[in-house]
Amino acid sequence: MSIKGGRKRLVTGAIATAAAGVALGAFALSGTASGATETTKATDTSRHTKPTIILEHGAFADGSSWNGVITRLRADGYPVVAAANPLRGPASDAAALRTVLDHVKGPKILVGHSYGGNVISEAATDAPDVKALVYVAAFLPAPGESALELTNKYPGSTLPDALDPVTYQQADGTTATDLYIQQDKFRHQFAADVPAKQAALMAAEQRPIAQAALEEKATTAAWKTKPSWDIITTQDLNIPAAVQHFMAKRAHAHTTEVAASHSVAVSHPRLVADVIEQAARATVR
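This one's a predicted model, so the numbers in the text were calculated from it and none came from an experiment.

It is worth spelling out the pairing of strand β6 (residues 175-181) at this point. Most of β6 sits out of view: 5 of its 7 residues are buried. Looking at chain direction, strand β5 (residues 163-169) and β6 are connected through 7 bridges and run antiparallel. In the sheet register, Val166 faces β6, and the bridge partner there is Asp178. Counting the residues in the hairpin turn of β5 and β6 gives 5 residues, including Gly173, whose phi is positive at 95°. Across 2 bridges, β6 lies against strand β7 (residues 209-210) in antiparallel orientation. In the strand pairing of β7, Asp178 is matched with Ala210.

For any two helices packed against each other, one specifies the crossing angle of their axes together with the interaxial distance. The N-to-C vectors of helix α3 (residues 67-75) and helix α13 (residues 269-283) enclose an angle of 50°; their axes lie 8 Å apart at closest approach. When the axes of α3 and α13 are compared, the pair comes out oblique. When the axes of α3 and α13 are compared, the crossing they make is right-handed. Side by side, α3 and α13 meet where Gly68, Val69, Arg72 and Leu73 of the first sit next to Pro269, Arg270, Val272, Ala273, Ile276 and Glu277 of the second.

Turning to α13, a few remarks are in order. The α-helix winds at 3.6 residues per turn, so residues separated by three or four positions along the chain end up facing the same way. For α13, built from 15 residues, the straight-helix expectation of 21 Å at 1.5 Å per residue is met to within 8% by its first-to-last C-alpha distance of 21 Å. Residues Pro269, Val272, Ala273, Val275, Ile276, Glu277, Ala279 and Ala280 constitute the buried set of α13.

In this section: the sheet that holds strand β4 (residues 130-136). Spatially, β2-β1-β3-β4-β8-β9 is the arrangement adopted by the 6 strands of the open sheet, whose pairing is parallel. At either margin of the open sheet sits one strand with a lone partner, and together these are β2 (80-83) and β9 (254-258). Strand-to-strand twist of the sheet, defined as the mean angle between neighbouring strand axes without regard to direction, takes the value 15°. Strand direction decides the pairing type here: strand β1 (residues 52-56) and β2, joined by 4 bridges, are parallel. The residue bridging Glu56 from the neighbouring strand is Ala83, located in β2. Where α13 meets the sheet, its contacts fall on β1, β3 (108-113), β4, β8 (228-233) and β9, and the angle it forms with β8 comes to roughly 165°.

Strands sit in the order β5-β6-β7 across an open sheet of 3 strands; the sheet is antiparallel. A strand with exactly one partner marks an edge of an open sheet, and here the two such strands are β5 and β7.

Another aspect to go through is the side chain of Ser261. In this structure, Ser261 sits in the loop between β9 and α12 (264-267). For Ser261, the side chain forms a polar contact with the main-chain nitrogen of Ser263, separated by 3.1 Å. In this view, Ser261 contacts Phe190, Ala191, Ala192, Asp193, Thr233 and Gln235; residues no more than four positions away in its chain are not counted.

Moving on, we get to the side chain of Glu122. The residue Glu122 is located in helix α5 (residues 116-123) in this model. We note that Glu122 is buried and unpaired, the nearest opposite charge coming from Arg98 at a distance of 5.1 Å. If sequence neighbours within four positions are ignored, Glu122 has contacts with Pro90, Ala91, Ala94, Arg98, Thr219 and Thr220.

The geometry of an aromatic ring pair comes down to the distance between the two centres and the angle between the two planes. All chains considered together, the criterion is met by 3 aromatic pairs. Seen in terms of ring centroids, Phe60 and Phe190 are 6.2 Å apart; in terms of plane orientation they differ by 85°. Their pairing is edge-to-face. Of the two residues, Phe60 sits in the loop between β1 and α3 while Phe190 sits in helix α8 (residues 183-190), which places them 130 residues apart along the sequence. Overall, Phe190 belongs to the buried group, its relative accessible area being 2%.

With that settled, consider the nonpolar core. Counting 50 residues, the largest nonpolar core has Phe60, Leu97, Leu110, Leu133 and Ile209 as its most contacted members. Counting residues per element, this core draws most heavily on helix α4 (residues 90-103), which supplies 4 residues. The residues touching Leu110, leaving out its near neighbours within four places in the chain, are Ile54, Leu97, Leu101, Ile120, Ala124, Val130, Ala132, Leu133 and Val134.

This brings us to the pairing of β3. Of all 6 residues in β3, 6 are buried; the element is thus mostly enclosed. The alternating pattern of β3 places Lys108, Leu110 and Gly112 on one face and Ile109, Val111 and His113 on the opposite face, and all of these are buried. Bridge analysis of β1 against β3 gives 5 bridges, and the strand direction is parallel. Bridge pairing in β3 links Glu56 to Gly112. The pairing of β3 with β4 spans 6 bridges and is classified as parallel. From the neighbouring strand, Ile109 faces β4, where its bridge partner is Ala132.

Cut-offs used in this document
- For every chain, the first residue of its written sequence is number 1, and the numbers climb from 1 along that sequence.
- Totals for whole chains, interfaces and linings use every residue, but because this is a predicted model, local features are given only for residues with pLDDT of at least 70 and side-chain atom pairs only at 80 or more, for both listing and counting.
- Values reported for side chains reflect all heavy atoms of the structure, with hydrogen atoms and water molecules removed beforehand.
- A 1.4 Å probe rolled over the protein chains alone gives each residue an accessible area, and that area as a share of the maximum for its type sets the label: buried under 20%, exposed over 50%, partly exposed in between.
- By the criteria applied, helices consist of DSSP H or I runs no shorter than four residues and strands consist of E runs no shorter than two, each listed in order from the N terminus.
- Following DSSP output, two strands are said to pair if at least two bridges run between them.
- Axis lines are fitted through C-alpha atoms, for helices just across the contact stretch, and the angle between N-to-C directions can take any value from 0 to 180 degrees.
- Throughout this description, any angle smaller than 35 degrees is read as roughly parallel, any larger than 145 degrees as roughly antiparallel, any in the 65 to 115 degree range as roughly perpendicular, and the remainder as oblique.
- A clockwise turn of the near helix away from the far one marks a right-handed crossing, whereas an anticlockwise turn of less than a right angle marks a left-handed crossing.
- Note on contacts: a residue pair is in contact if any heavy atoms of the two residues lie within 4.5 Å.
- Given a helix with a known number of residues, its expected span is that number minus one, times 1.5 Å.
- For this analysis, a polar contact is any N or O atom pair within 3.5 Å, provided that within protein one partner can donate a hydrogen and the other can accept it, and provided that sequence-adjacent residues contribute only side-chain to side-chain pairs.
- Only four residue types enter the tally: Lys and Arg on the positive side, Asp and Glu on the negative side; His and the chain ends are excluded.
- Criterion for a salt bridge: a side-chain nitrogen of Lys or Arg within 4 Å of a carboxyl oxygen of Asp or Glu.
- Any two rings among Phe, Tyr and Trp, with Trp reduced to its six-membered ring, count as a pair given centres within 6.5 Å; such a pair is stacked if its planes are under 30 degrees apart, edge-to-face if over 60, and tilted if neither.
- In this description, a nonpolar core means a group of buried Ala, Val, Leu, Ile, Met, Phe, Trp, Tyr and Cys residues linked to one another through side-chain atoms lying within 4.5 Å.

Okay, here's the thing in structure tokens:
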């Protein structure tokens, strides 16, 4: 997580907004250089409580994968936090995310991409300030299910053949394996509808996931008790569309289907932001 600082006029604008009574959260500052625009947003926010949007990335990605979505949410007046996902396992990653949930006060909408869906499903359990869950080409596991098990429930994933496993020795002497996507296969596998130059940057910046994280079984499922929205990607080569439909139907999620790759937040940021805002409007008054 990082605070994007900048020129003096942006800082001044943020201070002016804070003085108007707009809570932006500890991790994200939003505002504009235009006083007229800020006055309008301050007035709108005073009439409607806007929840903080907390974004959890998945495997083979980082917080920058949400950049286009963040830009649009902030333009619409939402405070945003893009959390750093350790990608070590659903239980420990959920514990890390809960530290963010505890720090950000007020109502929150929790959004997870891919394996991030496993994490938000666990982290949001018994979190009353989380008003809705939004799954973006994501897993919605039930207790006892793993990401790997769900991926293989229906045919269509070509991820295994694109992986680049790296085995290493841990401090206690045991071995573990991290998984990357081979860079020359990254765009086809993960981001086929993203411009080639941008996909190449994503491939170079990808963060590995522990193989054990994909095998770890879920213990809770917040979607059983919280309203959920789900963006289903029909051209996804990581999580087959049939698997996504199965999970969304089981969770009684509000679904949006789009012909997109697994990297839908990068290729269709406006659509993703719109679904997140739908969840916010429906659950936070």
